[in-house]
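# Descriptive analysis of the structure
Below are the chains, spelled out letter by letter.
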There are 4 protein chains.
Amino acid sequence: MTDTTKHILLMDGPDQTGLIYHVTGVLFRQRLNIIRNDEYVSPDDKSTATADRPGQFFMRTEFEASGPLDGPALLTELRQTLNPDINLRLNPKKKKNIVLLVTKEHHCLGELLIQYAFDELDADILAVVSNYNHLQPLVSKFGIPFHYVSHEHKTREEHEEAILRTLAIYEPEYLVLAKYMRVLTPGFVDHYHNRIINIHHSFLPAFIGASPYKQAHERGVKIIGATAHFVNNDLDEGPIIMQDVKEVDHRHTATDMATMGRDVEKLVLSKALKLVFNDRVFIHKNRTVVF
Amino acid sequence: MTDTTKHILLMDGPDQTGLIYHVTGVLFRQRLNIIRNDEYVSPDDKSTATADRPGQFFMRTEFEASGPLDGPALLTELRQTLNPDINLRLNPKKKKNIVLLVTKEHHCLGELLIQYAFDELDADILAVVSNYNHLQPLVSKFGIPFHYVSHEHKTREEHEEAILRTLAIYEPEYLVLAKYMRVLTPGFVDHYHNRIINIHHSFLPAFIGASPYKQAHERGVKIIGATAHFVNNDLDEGPIIMQDVKEVDHRHTATDMATMGRDVEKLVLSKALKLVFNDRVFIHKNRTVVF
Amino acid sequence: MTDTTKHILLMDGPDQTGLIYHVTGVLFRQRLNIIRNDEYVSPDDKSTATADRPGQFFMRTEFEASGPLDGPALLTELRQTLNPDINLRLNPKKKKNIVLLVTKEHHCLGELLIQYAFDELDADILAVVSNYNHLQPLVSKFGIPFHYVSHEHKTREEHEEAILRTLAIYEPEYLVLAKYMRVLTPGFVDHYHNRIINIHHSFLPAFIGASPYKQAHERGVKIIGATAHFVNNDLDEGPIIMQDVKEVDHRHTATDMATMGRDVEKLVLSKALKLVFNDRVFIHKNRTVVF
Amino acid sequence: MTDTTKHILLMDGPDQTGLIYHVTGVLFRQRLNIIRNDEYVSPDDKSTATADRPGQFFMRTEFEASGPLDGPALLTELRQTLNPDINLRLNPKKKKNIVLLVTKEHHCLGELLIQYAFDELDADILAVVSNYNHLQPLVSKFGIPFHYVSHEHKTREEHEEAILRTLAIYEPEYLVLAKYMRVLTPGFVDHYHNRIINIHHSFLPAFIGASPYKQAHERGVKIIGATAHFVNNDLDEGPIIMQDVKEVDHRHTATDMATMGRDVEKLVLSKALKLVFNDRVFIHKNRTVVF
């Protein structure tokens, strides 16, 4: 009877000759069994890479140990064979703890709740926070705490402060903006650096900002889309995780496009979350590397 | 033995009660057989439509006559039953005469030449005009006149003047910019109002302007696209006819994206042309209605 | 203050010269305002059409009346101008009454329940019937009757008889098989002729029958799909309403494909239902005409 | 001034602990620089893998040497660290030599000729062989030998014998069936084991055999597709390399579907060839692993 445990090793940093060799060597000698290995060297950096300025290396190694793993010891041994500027993380393979932020629209929330109810989300939804109470009935059906934190009569900072206090109860690993329609301040974003995921209702960078379906309709586009991205301090400008699109034609009003767009949005968000929660997304500058 | 002739009736203008009834009545009494009828009333205009300001009506009727058609007589009869502000056109169903403008890239040109060689283009390519001579060998294989009109040592106006003189030989119904990489002046565009079709190497309105694949790569998008549109006097802003997309990921350099983009470009241009050459595209404000 | 009512007129039958003219004439004289008109003549039949055997004509006309409509009078007047073999139906524009049949899988059911909860389904879900009780907790969250009709210790006929008795309570206009994994007998299907919609977990006609994702994996396909279709008496052979697909590769196991396939299934079913519930689907032989 | 040479190492066989470690170790010590590494262990085999029957391992390593490479020496050193049942191949990175077989349709041929003319094919087209002479004019434009080998008045075996004699002149590495509409005998296929690529005009395994678009139309499908696959001795049953699809609706006749299908066919074939010619496709049983 084995008690194997699964782990994910994440590495990124400047490329170094023999990197794969060194890392797989450590795992081999420790009798850790590699289940899946993905690596990638950024070709763009590489094209201008020199001895002083090599390409950027990314590797995700999923492995299993026949029993509990001494993570710190493994990391120490790995660091001895690697350049000091290589970033190493070691995660147990397990569900992430998340909190959802929503406003009034239910389509992304509904999708995630159903997935959660049937254990398909790769995450535990600790709570849902909203600046309106419209979605409380839906959330309650699933037995998840719903926090109504109105923004009325509050400055943006006061409102975010109230949300942060609520989040502090749960200490989530990720915040998911499942159609949260307010812009977050840099101060708020800093609290969850590279840990906030947003679904933007357009094919970024087209139609940045408000009313993208109205903009899309006025421009007469033949395809609409949605974009899941990490949130950084430039609105709609964070690293893109996933995008998808849908064809439209002259018969679709801006309202039709918004209706159709919701299906794209919920699927794009849902797939992007699956990637993030499985530690398959690296952020490098303003781009993602997705394994 | 019948000598049926096929015709396309195009109508657009403010909506009017009984329009379809009046038009189909005239055709019925003249024993003209409707093969296909498409009509559409712009829902956006309609939402704010009043007795004074109705929706916009579009209709394309393909019909056949058992012999030659007296077009002017038919148009006269139709006009008697219709409001004077309704625009009527009657085209025989036949190939369009076109001239292609190209620069150095061959992928769209090659696609159109192969289609033309096997009679699949719904158009006759009268000539190819280019500001470089790179593509002369390819064009010559297909026995089509190639005009090398260099832009060197010429002002933009002088260069366009030279192109216009070349075009005057052919009197094309449409100009197709099959990767013609120079911006046209309003003066030039006016000569071919709503008759110039361009393929833009991005999913407009994302990445307007130069080097869209480089821009796309830097933004880290997960999907690239191409847009076929009519050219008006705002660069990259004319009515969109067709768009399509292709998925990319972090492994693709800007050069890879450009390579992959070429397949999208040539198919999007080729499909858009098929629609235009079959009189299936109406222009209304800055949008198209495509039947 | 107007009390306009909306209606949908559906016509199909052998093509007849002047059909559109006659019908639009009746509506015009009765001051009924056409909002949208779609018509189509089957080109295949047409290619071999003669005076004796014309093409097949389909028309869907959405119109509004400024007050209640005398439907029988309108139908009588229409019939006077039309050949007797043309089939006419007149529906008020309203939600359909439906019952869902499910087995154990929740993804299609969950999608439809969320849509229903937010009034996006164009139908009222009167009840959910299942041969297992697994999905009762989910259905109960939405306050919809759930009928557990086990098939154990029953013949197929006895089980279907029990389901029919349950359905008789609700008299639904449509039955939706939202992953109902049992084959229905011709006797059952006859009770709901052309009113049962199924979602099949493959790109029909590939992988007909059981375990399509396992079959797909073994064949090494690079794309999987789903098909929404009407149920007739040949298993998996009824008229197709909608299909969609998703790319897969060698890394996907049969289980992965099934997981990915669920997203396709639920969207395909959901879109197909929207078309059917809006009276936009005609059945002709074993094909559909979808406006 | 460096004279780097590029090479591709291909490995497949039963999985073995430390495989990546051993191989990257050899390359590291020989100062060969890995540009790109892809590896994969078949999860299906793995699920039932035991010490006696492990998963199947696939690895493609692209590396560069600073000068000419002693390939045999490298292979010898690699074999010493690996189990004997692991298959190893070492290819220089270079264009493949190919011959095209065609019948009457030009769309795939035209696409490949244009790509070849502009050095985009990753292969040299040594000749085109056809059982009709219809395409000779097109091929001649590009200065490529065209061999007209009629099948008339010949048995299947005599015809294939004649083709094999023609092929013997060129000794191609791959045969591309670019719409070659005759079934090949097992005897012929054996001459080019795993080296014949076909484009099938349907989304296999739907509509196997003749007239797939006619079949698709009769079944009323809403999506058509094309499949590029290796040819083995079961007609339409070889390992699939790539598939793609396109939406259709009731308005499309079987002829329309065939016309639309041609665009899918030529792109699918063209992309599949790019993968094969870059040594990115492994065959395992009846499936492909594509890096």
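Details of the structure are given in the entry above.
Report follows, based on the coordinates. Throughout this description, residue numbers start from 1 for each chain and increase along the sequence as written. Chain letters start at A and ligand numbers start at 1, both assigned in the order the entries are written. Restriction of local features to residues with pLDDT of at least 70 applies here, the model being predicted, together with a cutoff of 80 or more for giving and counting side-chain atom pairs; totals for whole chains, interfaces and linings are based on all residues. Side-chain descriptors were evaluated using all non-hydrogen atoms of the structure, hydrogens and water having been removed beforehand.

Attention now moves to the overall build of chain A. A helix here means a DSSP run of H or I that spans at least four residues, while a strand means a run of E at least two residues long, and both kinds are numbered starting from the N terminus. Counting secondary structure elements, chain A contains 9 helices and 13 strands. The quantity called the radius of gyration is restricted to C-alpha atoms. Its globule counterpart is 2.2 Å times the number of residues to the power 0.38. Taking 19 Å as the expected radius of gyration for a compact globule of 291 residues, we find that chain A reaches 21 Å, a close match to that expectation. Taking the principal axes of its C-alpha atoms as reference, chain A extends roughly 60 × 45 × 40 Å. Of the contacts formed within chain A by residues at least 6 apart in sequence, a portion of 68% connects residues at least 24 apart. Surface accessibility in these figures is a Shrake-Rupley result with a 1.4 Å probe; residues are shielded only by whichever protein chains are displayed. Accessible surface, chain A as shown: approximately 12000 Å² in total, 50% of it carbon and sulfur. When charges are counted, Lys and Arg contribute as positive and Asp and Glu as negative, whereas His and the chain ends are disregarded. By convention, the charge on Lys lies at NZ, on Arg at CZ, on Asp at CG and on Glu at CD. In chain A, 33 side chains carry a positive charge and 38 a negative one; their mean positions are 3 Å apart. The criterion used for residue contact is that any of the two residues' heavy atoms lie within 4.5 Å.

Attention now moves to the interface of chain D and chain B. Counting from both sides, the interface comprises 18 residues of chain D and, opposite them, 18 residues of chain B. Accessible-area loss on putting two parts together, using a 1.4 Å probe and summing over both, is the definition of buried area adopted here. Carbon and sulfur atoms supply 64% of the area that chain D and chain B bury against each other, a total of about 1700 Å² over both sides. Area buried by chain D at its contact with chain B is led by D:H106, D:F118 and D:K141, which between them contribute 31% of it. Between Lys or Arg on one side and Asp or Glu on the other, a salt bridge is scored when a side-chain nitrogen of the former is within 4 Å of a carboxyl oxygen of the latter. Inspection of the region where chain D meets chain B yields 2 salt bridges. The closest approach of N and O atoms between D:E111 and B:K266, which form a salt bridge, is 2.6 Å.

Here we come to the relation of the copies chain A and chain B. In summary, the two copies of the chain are related to each other by a rotation about an axis coupled with a shift along it. Least-squares superposition of the copies uses the C-alpha atoms of those residues scoring a pLDDT of at least 70 in each of them. Least-squares fitting of chain A to chain B yields an RMSD of 0.0 Å, with the transformation described by 0.0 Å of translation along the axis and a rotation of 180°. Accordingly, the operation relating the two chain copies is best matched by a two-fold axis. Residue A:A206, judged by its C-alpha, is the member of chain A lying nearest the rotation axis, at 2.2 Å. A shared binding surface is used by both copies, with 100% of the interface residues of chain A retained as interface residues in chain B.

With that out of the way, let us pick up the interface of chain A and chain B. Across the boundary between the two partners, chain A contributes 33 residues, which contact 33 residues of chain B. The contact between chain A and chain B buries some 2900 Å² in all, and 60% of this surface belongs to carbon and sulfur atoms. A per-residue breakdown of the area chain A buries against chain B is headed by A:R219, A:K222 and A:H250, which together make up 25% of the total. Linking chain A to chain B there are 2 salt bridges. Its salt-bridge partner being A:E237, residue B:R219 comes within 3.3 Å of it at the nearest N-O pair. Nitrogen and oxygen atoms within 3.5 Å of one another constitute a polar contact, given that in protein one can donate a hydrogen and the other can accept it, and given that sequence-neighbouring residues count only through two side-chain atoms. In this structure, the connection of chain A to chain B is made through 16 residue pairs in polar contact (both at pLDDT 80 or more). Secondary-structure elements contributing two or more residues to the side of chain A that touches chain B are α2 (43-47), α8 (212-219), β11 (240-247) and β13 (287-290) of chain A.

Limitation: the analysis is restricted to geometry and does not speak to function.
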